[in-house]
Amino acid sequence: MVRWLATLSRYDQLWFCSVIQAHDQFSFPSGHTTAAFLFAGIASSFYPAWTPLWITWASMVGISRVLLGVHYPGDIGAGAILGTTLAYLALLFTN
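Scope of this entry: the structure provided in the associated data block. Only a predicted model underlies this, so the values are computations on that prediction, with no experimental measurement involved.

Definitions and limits used
- Residues numbered from 1 in each chain as written.
- Predicted model: local features only at pLDDT ≥ 70, side-chain atom pairs only at ≥ 80, totals over all residues.
- Heavy atoms only, no water.
- Axes fitted to C-alpha atoms, helices over the stretch in contact; angles between N-to-C directions.
- Helix = DSSP H or I, 4+ residues; strand = E, 2+ residues; numbered from the N terminus.
- Parallel < 35°, antiparallel > 145°, perpendicular 65-115°, else oblique.
- Contact = heavy atoms within 4.5 Å.
- Polar contact = N/O pair within 3.5 Å; in protein donor to acceptor, adjacent residues only side chain to side chain.
- Expected span 1.5 Å × (residues − 1).
- Buried < 20%, exposed > 50% of the residue type's maximum accessible area, 1.4 Å probe, protein only.
- Core = buried A, V, L, I, M, F, W, Y, C linked by side-chain atoms within 4.5 Å.
- Arc of directions from axis to C-beta.

Turning our eyes to something else, we now look at the packing of helix H2 (residues 31–46) against helix H3 (residues 51–67). The geometry of H2 relative to H3 is characterised by a closest axis approach of 9 Å and an angle of 180 degrees between their N-to-C directions. Comparing their axes, H3 and H2 come out roughly antiparallel. Counted together, His32, Thr33, Ala36, Phe37, Phe39, Ala40, Ala43 and Ser44 of H2 and Thr51, Trp54, Ile55, Trp57, Ala58, Ser59, Val61, Gly62 and Arg65 of H3 form the full contact between these two elements.

Right under this line is the structure:
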């Protein structure tokens, strides 16, 4: 899996084309995905029964960033880890 991700080329050489143009080349990690997973983590602590919905929604935010062509999958993974970590830390220090 890691080798496959390392061999990915630029978006203009993949089988899909980006819908929007990124305004910069340095987008690590994805801020949208970080915020989505931060929200999902905190919302899950208040509404645990809805956790699958929150995680699905946050994942769809990340997937949409890749499909729009403004992030690489690694940017999304880093954003998800960062957002989840920040949610955990926020809940840890407020309880």
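What follows covers the side chain of Ser44. Here Ser44 shows up in helix H2. From its side chain, Ser44 meets the backbone oxygen of Ala40 in a polar contact 2.7 Å long. Other than its neighbours up to four places away in sequence, Ser44 contacts Thr51 and Trp54.

Spanning 16 residues, H2 covers 23 Å between terminal C-alpha atoms, matching the ideal 22 Å at 1.5 Å per step. Of all the residues in H2, the buried ones are Thr33, Thr34, Ala36, Phe37, Ala40, Ala43 and Ser44. Against H3 and helix H4 (73–94) lie the buried residues of H2.

Here we take up the nonpolar core. What tends to happen in soluble globular proteins is that the nonpolar side chains get buried as a cluster. Ala36, Phe37, Ala40, Ala43, Trp54, Ala58, Val61 and Ala80 form the largest nonpolar core, which has eight residues in total. Among the elements of the structure, H2 and H3 are those that each provide at least two residues to this core.

Here we come to H4. Between its first and last C-alpha atoms H4 spans 32 Å; for 22 residues at 1.5 Å apiece the expected length is 32 Å, and the two agree. Listed as buried for H4 are Asp75, Ile76, Gly79, Ala80, Gly83 and Ala87. Taken around the axis of H4, the buried residues stretch over an arc of 135 degrees, which confines them to a single face. The exposed set on the far side of H4, more than 90 degrees from its buried face, consists of Ile81, Tyr88 and Phe93. Where H4 is buried, its residues touch H2 and H3.

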